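Residues per chain are reported as follows:
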Amino acid sequence: MSGTVILVVCIVAFFGAGGLTFVIERRAIEQKLAAWSGLFAGAREGVVKDDRPPFAAPLSGRPALAVHIEVILKERHNDGGVEQTTFQRVFETAMGRFALDQGGGREGEVDFSDARIHRMADAGSIFGVTIFAPSTSMFGPAGYVPPHLHHFLAERGLPLPTVDSLFTPGRGVMINERVLVPGSRCWVATTDAGVRFDLGTTAEAVSGYRKRFTTVWNAFTVALIVSIVAGMLTALVPQFFRK
């Protein structure tokens, strides 16, 4: 088999496999986003604008008009010699009220008492593991947890951490506290399941979700592997027929 033929096969395989992978992944992303289009279409977004006195956030004590807290467990363990990592949201609560300035003279009252964080990444998983937003705090082992955070977890019957590293087998505890004060940007949507929100805008939520996927890199990797295999087969298969 001539080198020219092998090169042509490699090029065709590279662009064919890469292009197909890119299209399939982009379509999957857009389908996932389309599932949330109704939620975003009815969302209110703007700036927190209120002059009512703040209260102390239960975790940090920072002054706030509204607070959202979540606790996520990250567990690493060996399963038959294979290391597994799992994430699980074990606690979520919110509180407070504020006025949302949507611009153009439009304002609306937001009751945060049943608000739940809406992260686009929570809508799907990577290799079967749900991907949560980066944590703001991680603690471990239990002896290194600040006393007020230890009390926060223990009071609610939540597990304490057992490790002091993200890469050590055991249980890590991640705590996110989102404090809303005047000037904070957020979007809020009311559904049959309750209030959904996130910091920033809906456009930023969509953009952030897309950025979580390395579509171009995945397409390149698949294209490279397929082109190499195609080239090898093109060069080797004729040898078998000659025997």
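Residues numbered from 1 in each chain as written. Predicted model: local features only at pLDDT ≥ 70, side-chain atom pairs only at ≥ 80, totals over all residues. Heavy atoms only, no water.

Caption draft 1: Layout of the packing of helix α1 (residues 3-35) against helix α4 (residues 202-211). Two numbers describe how α1 lies on α4: the axes approach to 11 Å, and their chain directions differ by 150°. Judged on the interaxial angle alone, α4 and α1 are roughly antiparallel. Our pair here, α1 against α4, has a crossing hand that is right-handed. Between α1 and α4, the residues in contact are Ile 29, Glu 30, Lys 32 and Leu 33 and Val 206, Tyr 209 and Arg 210, respectively. (Axes fitted to C-alpha atoms, helices over the stretch in contact; angles between N-to-C directions. Helix = DSSP H or I, 4+ residues; strand = E, 2+ residues; numbered from the N terminus. Parallel < 35°, antiparallel > 145°, perpendicular 65-115°, else oblique. Left-handed = near helix turned anticlockwise from the far one by under 90°. Contact = heavy atoms within 4.5 Å.)

Caption draft 2: Representation of helix α3 (residues 147-155) in the model. Where α3 is concerned, the buried positions are Leu 149, Phe 152 and Leu 153. All buried residues of α3 lie within an arc of 90° about the axis, which places them on one face of the element. Within α3, the exposed residues directed more than 90 degrees away from the buried face are Pro 147 and Glu 155. One or two positions beyond α3, positive phi appears at Gly 157, with a value near 70°. (Buried < 20%, exposed > 50% of the residue type's maximum accessible area, 1.4 Å probe, protein only. Arc of directions from axis to C-beta.)

Caption draft 3: Inspection of a nonpolar patch on the surface at higher detail. Taken together, the side chains of Trp 217, Phe 220, Leu 224, Ile 228, Met 232 and Leu 236 present a nonpolar region at the surface, about 620 Å² in accessible area. Tracing the backbone shows Leu 236 in helix α5 (residues 215-242). Classification of Leu 236 by relative accessible area gives partly exposed; the value is 47%. (Patch = residues over 30% accessible without salt bridge, like charges linked within 9 Å, V, L, I, M, F, W, Y side chains within 5 Å. Areas by Shrake-Rupley, 256 points an atom, 1.4 Å probe, with all protein chains shown as cover. Salt bridge = Lys/Arg side-chain N within 4 Å of Asp/Glu carboxyl O.)

Caption draft 4: Just the packing of aromatic side chains, in detail. Applying the stated criterion across every chain yields a total of seven aromatic pairs. Ring geometry for Phe 40 and Trp 187: centres 5.2 Å apart, planes at 90°, overall edge-to-face. Here Phe 40 is found in helix α2 (residues 37-41), whereas its partner Trp 187 is found in strand β12 (residues 185-191), with 147 residues between them in sequence. Ring geometry for Phe 98 against Phe 112: centres 5.5 Å apart, planes inclined by 65°, an arrangement best described as edge-to-face. (Phe/Tyr/Trp six-rings, centres within 6.5 Å; stacked < 30°, edge-to-face > 60°.)

Caption draft 5: Layout of the pattern of salt bridges. Scanning all chains against the criterion turns up eleven salt bridges. The partner of Arg 26 in a salt bridge is Glu 30, with the nearest N and O atoms 4.0 Å apart. Of this pair, Arg 26 and Glu 30 both sit in helix α1, four residues apart, roughly one helical turn. On the basis of relative accessible area, Arg 26 is assigned to the partly exposed category, the value being 34%. Arg 52 serves as the salt-bridge partner of Glu 109, at 3.2 Å between the closest nitrogen and oxygen. Taken together, the residues span a long stretch of sequence, with Glu 109 in strand β6 (residues 106-111) and Arg 52 in the loop between β1 (44-48) and β2 (55-56) at a distance of 57 residues. The partly exposed category is assigned to Arg 52, whose relative accessible area is 31%. Overlapping salt bridges, with partners in common, bring together Asp 50, Arg 52, Arg 97, Glu 109 and Asp 111 in one network.

Caption draft 6: How the structure looks around the pairing of strand β11 (residues 170-180). When you tally the buried positions in β11, you get ten out of eleven residues, the bulk of the element. Looking at chain direction, strand β4 (residues 66-79) and β11 are connected through eleven bridges and run antiparallel. Looking at β11, one finds that Ala 66 is bridged to Leu 180. (Pairing = 2+ DSSP bridges.)

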